[in-house]
Amino acid sequence: AGPTGPGNAMRISLTSPNPLQVGKTTLGLAIPQSGNVSLSFKSLDGSRCKKLFYGELTSGTYERTFDGNCLASGSYLISLENGNISVQKEIIVAH
């Protein structure tokens, strides 16, 4: 089992301003428990638009770079899933 407690919750953080303008941004991820992890962008209705990562990760913190130019302007949810735990963060893409 991985670390537990509020300081070790699964989370997504953005390292650049929201809305995301043209270019790349870095997403910070905190994974409290090892396992299969999925990171994707979804439309506000929940349908997946872009898969950024799927694979096995050990507990810890990670950074993933994402190029926002591949999405149309609009509001999206960044979805991070690990087993039966899921967190989402809203981001606006503005070109």
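What counts, and at which threshold
Residues numbered from 1 in each chain as written. Predicted model: local features only at pLDDT ≥ 70, side-chain atom pairs only at ≥ 80, totals over all residues. Heavy atoms only, no water. pLDDT = per-residue confidence, 0-100. Contact = heavy atoms within 4.5 Å. Phe/Tyr/Trp six-rings, centres within 6.5 Å; stacked < 30°, edge-to-face > 60°. Helix = DSSP H or I, 4+ residues; strand = E, 2+ residues; numbered from the N terminus. Buried < 20%, exposed > 50% of the residue type's maximum accessible area, 1.4 Å probe, protein only. Pairing = 2+ DSSP bridges. Axes fitted to C-alpha atoms, helices over the stretch in contact; angles between N-to-C directions. Core = buried A, V, L, I, M, F, W, Y, C linked by side-chain atoms within 4.5 Å. Polar contact = N/O pair within 3.5 Å; in protein donor to acceptor, adjacent residues only side chain to side chain.

Digging into the confidence of the model for the protein chain
Looking at the protein chain as a whole, its pLDDT mean stands at 86, while 87% of the residues score no less than 70. pLDDT under 50 marks residues 1–6. Its contacts with residues more than four places away, or in other chains, come to 5 contacts.

Quick look at the packing of aromatic side chains
Counted according to the given criterion, the structure contains 2 aromatic pairs. Pairing Phe41 with Phe66 gives two aromatic rings, centres 4.3 Å apart and planes at 25°, and the pair type is stacked. Of the two residues, Phe41 is situated in strand S3 (residues 35–43) and Phe66 in strand S5 (residues 60–67); the sequence distance between them amounts to 25 residues. With a relative accessible area of 0%, Phe41 lands in the buried category.

Quick look at the pairing of strand S4 (residues 48–57)
Along a regular strand, successive side chains alternate from one face of the sheet to the other. In terms of strand pairing, S3 meets S4 through 8 bridges, oriented antiparallel. For Val37, the partnering residue across the bridge sits in S4 and is Gly55. Where S3 folds back onto S4 in an antiparallel hairpin, the turn is made up of 4 residues, including Gly46, whose phi is positive at roughly 100°.

Concerning the sheet that holds strand S6 (residues 74–82)
Across the sheet, which stays open at both edges, the 4 strands sit in the order S4-S3-S6-S7 with antiparallel pairing between neighbours. Taken across any chain shown, the strands that pair with only one partner, and hence form the sheet edges, are S4 and strand S7 (85–93). The average undirected angle you get between the axes of adjacent strands in this sheet is 15°. As defined by bridge partners, S6 adjoins S7 across 9 bridges and the pair is classed as antiparallel. What sits directly across from Ser75, in S7, is Ile92.

A word on the nonpolar core
Leu39, Phe41, Ile78 and Leu80 are the most contacted members of the largest nonpolar core, which has 18 residues in total. Looking at this core, the elements that each hand over two or more residues are strand S2 (24–31), S3, S4, S6 and S7.

Things to note about the environment of Ser79
Considering the arrangement of structural elements, one finds Ser79 in strand S6. Among the residues examined, Ser79 registers a relative accessible area of 1% and is labelled buried. Expressed as a C-alpha distance, the spacing of Ser79 and Ser38, which sit 41 residues apart in the sequence, is 7.7 Å. Not counting chain neighbours up to four residues away, the residues in contact with Ser79 comprise Ile12, Ser38, Leu39, Ser40, Lys42, Ser86, Val87 and Gln88. Looking at Ser79, its side chain comes within polar contact range of the side chain of Glu81, at 3.2 Å.

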